[in-house]
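# Inside the fold
Now for the letters of each chain:
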Amino acid sequence: MTTTLAVANQKGGVAKTTSVASLGVALAELGQSVLLVDLDPQACLTFSLGIDPEDLEVSAYEVLNGERPAAEVVVATDEGVDLLPATIELARSEAELFEKPGREQVVRTALSGLHEALGKQTYDWVLIDCPPSLGILTVASLTAADGVVIPLQCETLSHRGVGQLLDTVHDVRAFTNPDLAVWGVLPTLYDGRSRHARTVLETISDTYDLDVLMPPVPKTIKFAEAPAQGRSILATSSRSKGAAAYRELAEGLLKRARKAPRKRARRRS
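Quick look at the structure, then. (Residues numbered from 1 in each chain as written. Predicted model: local features only at pLDDT ≥ 70, side-chain atom pairs only at ≥ 80, totals over all residues. Heavy atoms only, no water.)

### Details of unusual backbone geometry
Leaving glycine out, the prevailing phi sign among residues is negative, and the prevailing peptide bond configuration is trans. That bond from M214 to P215 is cis: its omega, 5 degrees, falls within 30 degrees of zero. With respect to the helices and strands, the residue P215 is situated in the loop between α9 (195-208) and α10 (222-225). In this structure, A15 takes a positive phi of about 70 degrees despite not being glycine. Secondary-structure assignment places A15 in the loop between β1 (3-7) and α1 (16-29). For A15, a relative accessible area of 19% puts it in the buried group. (Helix = DSSP H or I, 4+ residues; strand = E, 2+ residues; numbered from the N terminus. Buried < 20%, exposed > 50% of the residue type's maximum accessible area, 1.4 Å probe, protein only.)

Below, the structure written as structure tokens:
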């Protein structure tokens, strides 16, 4: 069975895209079959995995508006994960989907049956990089997901808006996906030398009454250097503390997925 996770936070600069790429590659290292879905019009995930969005003729935009099946758009990457890439055209989707009936279901519909079309038995994981907003694309991603992971920078100002995201999760549960689970908060850009960062990390669980995924991802320049090479930090700085953190986090996600009950056959992707 496929585990689909939406990685979401409407605040930018919280290492959302980095987390999707790094967790995806770390899961692939563990022998998992992984599809990454870039639904951010900025296409940073696509670029960071070595694909120039400007060179693409089709992307997730054409899939969501029904012009192309996802199987014709998914590409393989050098790091063992498949990618449904994005381009700036995705920015038009919010407006175009606004009046479309069933717009909350477009991501679920796009991904359904994808593995059969690609000749795969199944994907073990689908990780969705949501746009930094609470618009239709994020709601549709949450509707398609088994769970949501919330990256959160270990700074006080980064807490702003998390409550709004949790309100959106509540609405999605009420109307389109009653089984959506919050897998937890993922602390990122953590500087253990800072008393402030340590305090924020210690209070996250009490503040939101949510699980905190550990270990926290350390703040390091190596994360900024990796996209310039079109690779994840697991390839460019394999022995770094940042790479080690994402490997440990991936192992934790895998253990949770193996324990999670499977309630609905429609979760196949």
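### Regarding the environment of G13
The topology assignment puts G13 in the loop between β1 and α1. According to the relative accessible area criterion, G13 is exposed, its value standing at 57%. Through-space distance from the C-alpha of G13 to that of L189 is 9.4 Å; in sequence the pair is 176 residues apart. Excluding anything up to four places from it in sequence, G13 contacts Q153 and L189. (Contact = heavy atoms within 4.5 Å.)

### Quick look at the packing of α1 against helix α12 (residues 241-259)
Each pair of packed helices can be described by the angle between their axes along with the distance between the axes. Between α1 and α12, the shortest axis-to-axis distance is 8 Å and the interhelical angle comes to 70 degrees. Classified by the interaxial angle, the pair formed by α1 and α12 is roughly perpendicular. Here α1 runs over α12; the crossing is right-handed. Taking contact as the criterion, the partners of T18, S19, S22, L23, A26, L27 and E29 in α1 are, on α12, Y246, R247, L249, A250, L253 and L254. A breakdown of the residues in the contact of α1 with α12 according to their chemical character gives 8 nonpolar, 3 polar and 2 charged. (Axes fitted to C-alpha atoms, helices over the stretch in contact; angles between N-to-C directions. Parallel < 35°, antiparallel > 145°, perpendicular 65-115°, else oblique. Left-handed = near helix turned anticlockwise from the far one by under 90°. Nonpolar A, V, L, I, M, F, W, Y, C, P; charged D, E, K, R; others polar.)

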